[in-house]
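Read off the chains here:
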Amino acid sequence: MRSHLLNDATAESYRRSVIEGVERVADKLATTRRPFTGVTPADLAPVIDAVDLDKPLGDTSAALDELESVYLRDAVYFHHPRYLGHLNCPVVIPAVLGEAVLSAVNSSLDTWDQSAGGTLIERKLIDWTTSRIGLGPAADGVFTSGGTQSNLQALLLAREEAKTDDLAKLRIFSSECSHFSVQKSATLLGLGADAVISVPVDRTKRMQSVVLAAELEACRAEGLVPMAIVATAGTTDFGSIDPLPEIAALASEYGAWMHVDAAYGCGLLASPTRRHLLDGIERADSVTVDYHKSFFQPVSSSAVLVRDGSTLRHATYHADYLNPRQPVAMEAPPTPEGLWGKIPNQVDKSLQTTRRFDALKLWMTLRVMGADGVGELFDEVCDLAAAGFELLAADPRYDVVVEPQLSTLVYRYIPEAVTSPAEIDRANLYARKALFASGEAVVAGTKVDGRQYLKFTLLNPETTTADIAAVLDLIAGHAEQYLGETLVHA
Ligand SMILES: *Cc1c(COP(=O)(O)O)cnc(C)c1O
């Protein structure tokens, strides 16, 4: 079995098996004609069930053959131009290469003695990101597993900085379109059930800062503590960006921590033409970025950045075996400061211990393509969304909710014949499911004012307006079919 361990003796077999795996995926990419096969859980469950995990195949080629039927054949392919579903991106090749390198070397970014240069590479990318945001000289941060974890850590720091023992008094303000991880974090952080105040959005789905101001005033009047304001820079559903300068002014007036959740909108940091949409983000106390959304990175790749690096101490714990509080006495160290004293241990800043070297993917991306290269890709999908909006707005079959700031379109099919709102909901829901079952395209869904809508999240620069037009025709066809059938049965 040692022949399966990666080491000097197996270097050649490692090379061959990785090449074989890469070739199969490359063939797959070159030949998939649809984003999805339409397979159902009932179709696929018996295929997976039939695999006996206690009877190994013994060799990688056989396992790859089997992988074809258990996974590759029916996976949902984000690189396909008609995958328009969730916030998933096609990935750039330098990042995939980084992924292959980082998992083979298997550095762990908790301590210097498990990563060496990896730690410095991560730190440099954190500095690169904080300077793009404009957080100033004391800024710092750390890579995380995703926006959910980044938001949790940011709100943990905000809770500690609020410096009150009475957790029931703490309040977080975020828009009604903010990500559910804000609510989840509040619960995990032991805040009360009423901790998150949901601030209404305007017609363009941006937080109403006038209402925020009133809520903050009410909070103060009731003797409660405004712990944090979470501004969303790119809401998950609409891509709308809350008014960051107004929110920053209110945060400083009321002494609240300003967190900007830019999990989606962070791609603007690299955009050659749209960076101004994030103006005001430089006033944040903390920022969430998901490189695995708008920097075209493989999952996972995310970071939390803070204006004042010293606040990261709230996540610091010590273990004798890992990152001892006192410098470890080495054999005749020159000075502790000179040797262990300045050893950078990223675990001091992280909620995780063992941690992937995800930063390497972004590193390879920036070294090969440069920031403009990534930003141009994000610009392209924002342009595409603008063109898609024109299509939808001009199409009498559809009602589109809001002109996109980023790359998301929320719309619904409206039949010509008069029918009930509930029936329209069902027709849209049906169209989404039927489209998914056909595998021709994948779109998402959401609710707006309690009604069922459909959503395109555009993150693939290969998608064209012709794709969008074709998918709209498919949706209309499915919706009409549903309405036709219910009419017949009625
Ligand atoms: C996706 C998203 C998150 C959660 O990020 P994950 O990486 O999925 O954990 C948080 N906030 C916003 C605005 C998002 O779009």
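For the structure, see preceding data.
Cut-offs and rules
- Residues numbered from 1 in each chain as written.
- Predicted model: local features only at pLDDT ≥ 70, side-chain atom pairs only at ≥ 80, totals over all residues.
- Heavy atoms only, no water.
- Helix = DSSP H or I, 4+ residues; strand = E, 2+ residues; numbered from the N terminus.
- Buried < 20%, exposed > 50% of the residue type's maximum accessible area, 1.4 Å probe, protein only.
- Contact = heavy atoms within 4.5 Å.
- Areas by Shrake-Rupley, 256 points an atom, 1.4 Å probe, with all protein chains shown as cover.
- Pairing = 2+ DSSP bridges.
- Axes fitted to C-alpha atoms, helices over the stretch in contact; angles between N-to-C directions.
- Near = heavy atom within 4 Å.
- Polar contact = N/O pair within 3.5 Å; in protein donor to acceptor, adjacent residues only side chain to side chain.
- Nonpolar A, V, L, I, M, F, W, Y, C, P; charged D, E, K, R; others polar.
- Phe/Tyr/Trp six-rings, centres within 6.5 Å; stacked < 30°, edge-to-face > 60°.
- Salt bridge = Lys/Arg side-chain N within 4 Å of Asp/Glu carboxyl O.

(A) Local environment of the overall build of the protein chain. Of the regular secondary structure elements, the protein chain holds 14 helices and 12 strands. Taken over the C-alpha atoms alone, the protein chain extends approximately 90 × 70 × 40 Å along its principal axes. Burial statistics for the protein chain: of 490 residues in total, 49% are counted as buried. By sequence separation, contacts in the protein chain at least 24 residues apart represent 74% of the contacts at least 6 residues apart. Of the roughly 22,900 Å² of accessible surface on the protein chain, a fraction of 56% belongs to carbon and sulfur atoms.

(B) Broad picture of the sheet that holds strand β12 (residues 451-457). Ordered by their spatial adjacency, 5 strands build an open sheet running β1-β11-β12-β10-β9, and the pairing between neighbours is mixed. Among the strands making up the open sheet, the edge pair consists of β1 (83-84) and β9 (398-400). As paired elements, β9 and strand β10 (residues 408-413) share 3 bridges and run antiparallel to each other. Within the sheet, the bridge partner assigned to Y398 lies in β10 and is Y413. Packed on one face of the sheet, helix α13 (residues 421-438) meets β10, β11 (442-448) and β12 and runs near 35° to β12.

(C) Here's a closer look at the site of the ligand. Close contacts around the ligand come from 14 residues, with G147, T148, D261, D290 and K293 the closest. In this structure, an oxygen atom belonging to the ligand sits 2.8 Å away from a main-chain N or O atom of G147. Here D290 contributes a side-chain N or O atom positioned 2.7 Å from an oxygen atom of the ligand. Contact with the protein chains covers 85% of the free accessible surface of the ligand, which is 380 Å². Counting only elements with at least two residues in the shell around the ligand, the list comes to α6 (147-161) and α10 (291-294). When residues in the shell around the ligand are grouped by element, the largest group, 3 residues, is from α6. Per-class residue counts for the shell around the ligand are 2 nonpolar, 9 polar and 3 charged.

(D) The arrangement of the packing of aromatic side chains in detail. Applying the stated criterion to the full structure yields 9 aromatic pairs. Between Y291 and F295, the ring centres sit 5.2 Å apart and the planes meet at 80°, which makes this aromatic pair edge-to-face. Assessed through its relative accessible area of 0%, Y291 is described here as buried. Residue classification places F295 among the buried positions, given a relative accessible area of 1%.

(E) Molecular detail of the pattern of salt bridges. Under the criterion given, the structure shown has 26 salt bridges. R159 is the salt-bridge partner of E160, the closest N and O atoms lying 2.9 Å from each other. Relative accessible area serves as the criterion here: at 31%, E160 is assigned to the partly exposed category. We note a salt bridge from K455 to D237, for which the minimum N-O separation is 2.8 Å. Here K455, found in strand β12, pairs with D237, found in the loop between β5 (225-232) and α9 (244-254); they are 218 residues apart in sequence, far enough to count as distant. By relative accessible area, K455 is classed as buried at 6%. Salt bridges here are not isolated pairs; linked through shared partners, they connect E99, R356, D358 and K361.

(F) View of the environment of L305. Mapped onto the elements, L305 comes out in strand β8 (residues 302-306). Note on L305: relative accessible area 0%, which makes it buried. Taking the C-alpha atoms as reference points, L305 and M258, separated by 47 residues in sequence, lie 12 Å from one another. With residues up to four places along the chain from it excluded, the contact list for L305 reads I126, T129, T130, I133, L135, D140, G141, D285, S286, V287 and V289.

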